Amino acid sequence: MFCYQCSEAAKNIACTTRGVCGKDDKVAALEDMLIYNLKGLAYWTKIAREKGVTNEEADLFLLEGLFSTITNVNFDPQRFVEYNNKAIDLRDKMKDLAVSKGADANAPYDAATWKPQKTEADYLAKAAATTILAEENEDIRSLKELLIYGLKGIAAYADHAYVLKFKSEEIFKFTEDALVETLRKDITVNELISLVLKAGEIAVKTMELLDRANTTTYGKPEITQVFTGLVDGPGILVSGHDLLDLEELLKQTEGKGVNVYTHGEMLPAHAYPELKKYKHLIGNFGTAWYNQREEFEQFNGAILFTTNCLVPPKDSYKDRVFTTGLVGWPGIKHIPNATAGKMKDFSPVIQKAIECGGLKAKDGKKITIGFAHDQVMALADKVIDAVNKGAIKRFVVMAGCDGRAKEREYYTEVAKNLPKDTVILTAGCAKYRYNMLDLGDIGGIPRVLDAGQCNDSYSLAYIALKLKEAFGLDDINKLPISYDIAWYEQKAVCVLLALLYLGVKGIRLGPVLPAFLSPNVAKVLVENFNIKPISSVKEDIEAMMAGK
Ligand code: FSO
Ligand code: SF4
C-alpha cells in the first residue's frame with residue numbers, strides 16, 4: 001500500500017505497511033481501485049453529459065464513492081468490493097446511454113474500458129497498477145492527489161447537502177471533469193494548478209450549498225449552552241457530521257425514555273433550532289475523535305457513527321457501536337439506507353441503548369456554541385465597535401481538525417497564550433484543543449467563537465468578507481485576521497483550497513505540511529500564497545500579532 005492522504009502519513013512520507021489510522025493494505029488497495037473505477041465512471045458520465053444525458057444515480061455515486069475513501073470513514077473490504085462493483089455497473093450503464101446518443105464506443109483510458117470479474121481477488125490483482133505511485137512524475141502525482149483530496153472533501157459536503165435535497169449540477173460536473181483530467185498522462189503542471197484552484201472555487205460553492213441546506217432545514221444556528229455531562233437513563237452517543245441521521249434518530253427516540261448525546265463533530269447540532277427543540281438531545285459527551293477509545297468505554301450506551309472519524313473499535317465497546325451511511329468496519333452492525341420516502345430504521349440502536357441498562361448522571365460544564373455567520377453578523381455592530389476602539393486587536397482563525405499527534409498541543413498553547421484582546425474563530429474538531437478553557441470575553445463577545453463543523457469554515461470566510469466590506473477594505477488580507485489552521489484529513493484540504501480561492505494569504509498550516517506536497521508544489525504554494533508551517537507558540541503569536 002501507499003497512502004499519504006492525511007496528516008498522520010507514517011514518518012510524514014506515507015503509510016506503506018499498515019495505516020496509522022488502522023487501514024490495512026487490502027482496504028487501501030480496494031480504495032485505490034475504487035478511485036480508479038470512479039474515474040472510469042466519470043469518463044462516461046462526462047461523455048453522456050456532452051450528449052445531453054445526465055443520470056443522478058451516477059452523479060451521486062461519484063460523490064459517495066469519493067466520500068467513502070476519506071480517512072476514517074470505511075474499513076470494510078466487503079463494502080469496498082460492492083462499491084467497486086457499483087462503479088463498474090454504473091460506468092457501463094453510462095457508456096450505453098452515451099453510445100445510444102451517438103458517442104464513440106471506444107475510450108482512450110483503461111479505467112473506462114477494463115472488464116473485471118467483479119471479485120475481491122480480481123480488484124486486488126489489478127490494484128498494483130492503479131496505486132498513487134503509478135504516476136511517476138513526482139510533481140504531477142502531487143498535484144493530481146491534491147486535486148483528488150480536495151474533491152473528496154467537496155464530495156463529502158455535497159453528499160451532506162444532497163441528503164437534505166440540495167444539489168448542484170455545477171458540483172456534479174466539476175467532479176466528473178476533474179476526475180477525468182487526472183486520467184490524462186499528458187496533463188501539465190500548469191493545467192493541474194488551474195484545476196486545483198478551480199476546486200477551491202467549487203469548494204466555496206459546496207460549503208455555501210451545505211450551509212443553505214443545513215440552515216433551511218434546521219434553522220439558523222443560535223448561541224447555545226451545551227451540557228457536557230450525563231443524566232441518568234439509557235443513552236445514544238451520535239458521532240460524525242450527518243444532521244439528517246441525528247434528526248431521524250431524535251424522532252425515533254422521542255418519548256421512549258432514551259436520551260441522545262453528541263460526540264466530536266456532532267456538537268454543533270445543538271445550535272440548530274429544529275434540532276435543539278428535542279428535549280432528549282441532552283448534551284455533548286467527550287471530545288475529539290481520537291479520544292473515542294477511552295471515551296466510549298465510559299459511555300454505557302449505544303454509539304452511532306454517521307461519518308468519520310471512526311477509530312478501530314475496542315472489544316470492550318464494539319458490540320455497542322453501529323455505523324450508517326458510508327461508514328463501515330467489518331463485523332460492526334450497519335444501519336442500511338432508507339427506502340424512498342421513509343426514514344432509516346434506527347430501532348437496533350435504540351434497542352441496544354435500552355439493553356445497556358442506562359448511564360449514571362455525571363456533572364459537566366457548559367460550553368457555548370452557535371457562532372455561525374448569521375449569529376456573528378447579528379453582533380456585527382458590537383464587533384466592529386470593539387475593533388475600532390481597540391478592544392479587539394486581532395482575530396485568529398484556528399479552524400480545522402484535531403488529532404492525536406503530540407505536536408497538536410501547540411494549538412492549546414496558542415489559545416492560552418494569545419493576548420486577551422484577541423478573538424479565536426473556530427470550526428471543525430480543532431476546537432476541542434481549547435473549547436473547555438475559560439478564555440473569557442471582550443465586552444460580552446466570547447474569546448472563542450465556534451462556527452460549527454469543519455464545513456462551517458464557510459461561515460468564517462463569510463464573516464471575513466463581511467468585515468472587509470464593513471471596514472471598506474479592498475483586500476481580505478488587510479483585515480486584522482490571522483489563520484492558524486490545523487489539518488488532518490481531506491475535508492480540511494477542501495477547506496484550505498477554498499480559503500486560497502478567496503484570496504487568503506499567509507496561512508499557517510500544522511501540525512505538519514502535507515506529505516503529498518512535492519518540494520516543487522510546496523514551493524508554488526509558498527510563493528503564491530505564503531503558506532507556512534507552524535513554528536514555536538511564542539514565535540507564531542508574535543508574528544500573528546504583528547500581522548505576519
Ligand atoms: Fe474532524 Fe474527523 Fe470535521 Fe474531519 S472529526 S477530522 S476535517 O473528519 O471532518 O473536523
Ligand atoms: Fe496513513 Fe492517513 Fe492513509 Fe490512514 S489515511 S493509511 S493514516 S496516510
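**Describing the environment of Y157**
Right, on to step 1. Looking at the secondary structure, you find Y157 in helix α5 (residues 138-163).
Right, on to step 2. Here the alpha-carbon distance between Y157 and E208, two residues 51 residues apart in the chain, equals 9.7 Å.

**Some points on the sheet that holds strand β10 (residues 422-426)**
Right, on to step 1. Strands sit in the order β13-β10-β9-β14-β15-β16 across an open sheet of six strands; the sheet is parallel. The strands lining the two open edges of the sheet, one partner per strand, are β13 (448-450) and β16 (532-533).

**A word on the packing of helix α2 (residues 56-68) against helix α6 (residues 169-181)**
Right, on to step 1. Two elements in contact, α2 and α6, have axes whose closest approach is 10 Å; the angle formed by their N-to-C orientations is 65°. You can see that α2 and α6 cross each other, and the crossing is left-handed. On the side of α2, the interface is formed by D59, L62, L63 and L66, while α6 contributes E169, F172, T175, E176 and L179.

**Some details on the layout of surface pockets**
Right, on to step 1. Approximately 1,000 Å³ is the volume attributed to the largest pocket.
Right, on to step 2. Forming the walls of the largest pocket are 42 residues, and the residues nearest its centre are E64, V163, N337, A338 and K344.
Right, on to step 3. Mapped onto the lining of the largest pocket, the elements with two or more residues apiece are α2, α3 (77-100), α5, α7 (189-218) and α8 (243-253).
Right, on to step 4. Examining the composition of the lining of the largest pocket, we find that six residues originate from one element, α2, more than from any other.
Right, on to step 5. Across the lining of the largest pocket, the residue classes tally to 17 nonpolar, ten polar and 15 charged.
Right, on to step 6. Of the pockets and cavities examined, the second largest pocket occupies roughly 640 Å³.

**A few points about the domain arrangement of the chain**
Many authors give the size of an interface as the accessible area that is lost as the parts come together.
Right, on to step 1. Partitioning the chain into domains gives domain 1 (10-217), domain 2 (224-355) and domain 3 (375-545).
Right, on to step 2. A separation of 29 Å is found between the C-alpha centroids of domain 2 and domain 3.
Right, on to step 3. Contact residues are listed per partner, giving 19 residues for domain 2 and 18 residues for domain 3.
Right, on to step 4. Interface area, domain 2 with domain 3, both sides summed: about 1,400 Å², of which 58% is carbon and sulfur.
Right, on to step 5. Summed over the three residues of domain 2 that lose the most area to domain 3, namely E265, W289 and Y290, the buried surface amounts to 42% of that side.

**A closer look at the sheet that holds strand β3 (residues 259-262)**
Right, on to step 1. Reading across the sheet, the six strands line up as β4-β3-β2-β5-β6-β7 and stay open at both edges, with parallel pairing between neighbours. Each of the sheet's edge strands pairs with one partner strand only, and the pair in question is β4 (281-284) and β7 (333-335). Looking at each pair of strands side by side, their axes are set apart by 30° on average, direction ignored.
Right, on to step 2. The sheet contact formed by strand β2 (residues 235-239) and β3 spans four bridges and is parallel. From the neighbouring strand, L237 faces β3, where its bridge partner is Y261.
Right, on to step 3. Here helix α11 (residues 347-355) sits on the sheet in contact with β2, β5 (302-305), β6 (321-324) and β7, set at roughly 130° to β2.

Cut-offs and rules
All residue numbers refer to position in the chain's written sequence, counted from 1. The lettering of chains begins at A and the numbering of ligands begins at 1, in the order of writing. With pLDDT at 70 or above as the cut-off, local features in this predicted model cover only qualifying residues; side-chain atom pairs require 80 or more to be listed or tallied, and sums for whole chains, interfaces and linings still use all residues. Only hydrogens and water are removed before side-chain values are computed, so all heavy atoms of the structure are retained for them. Per the convention used, a helix needs a DSSP run of H or I reaching at least four residues, while a strand needs a run of E reaching at least two, with both numbered from the N terminus. Note: two strands are recorded as paired if DSSP finds a minimum of 2 bridges between them. Axes here mean lines fitted to C-alpha atoms, for a helix over just the part in contact, with angles spanning 0 to 180 degrees between N-to-C directions. For a crossing to be left-handed, the near helix must be turned anticlockwise from the far one by less than a right angle; the clockwise case is right-handed. By the convention used here, residues are in contact when the closest approach between their heavy atoms is within 4.5 Å. Cavities and pockets were defined on a 1 Å grid built over protein atoms only: a cavity is a set of grid points that admits a 1.4 Å probe from which the probe cannot escape, a pocket is an open set flanked by protein on both sides within 12 Å along at least five of seven lines, and lining residues are those with an atom within 4 Å of any such point. Grid points are joined across faces, edges and corners, and a volume is the space filled by probe spheres set on the points. Each residue gets one of three labels, nonpolar for Ala, Val, Leu, Ile, Met, Phe, Trp, Tyr, Cys and Pro, charged for Asp, Glu, Lys and Arg, and polar for the others, Gly among them. An automatic or database domain assignment supplies the residue ranges for each domain. By buried area we mean the combined loss of accessible area, with a 1.4 Å probe, across both parts when two parts are placed together.

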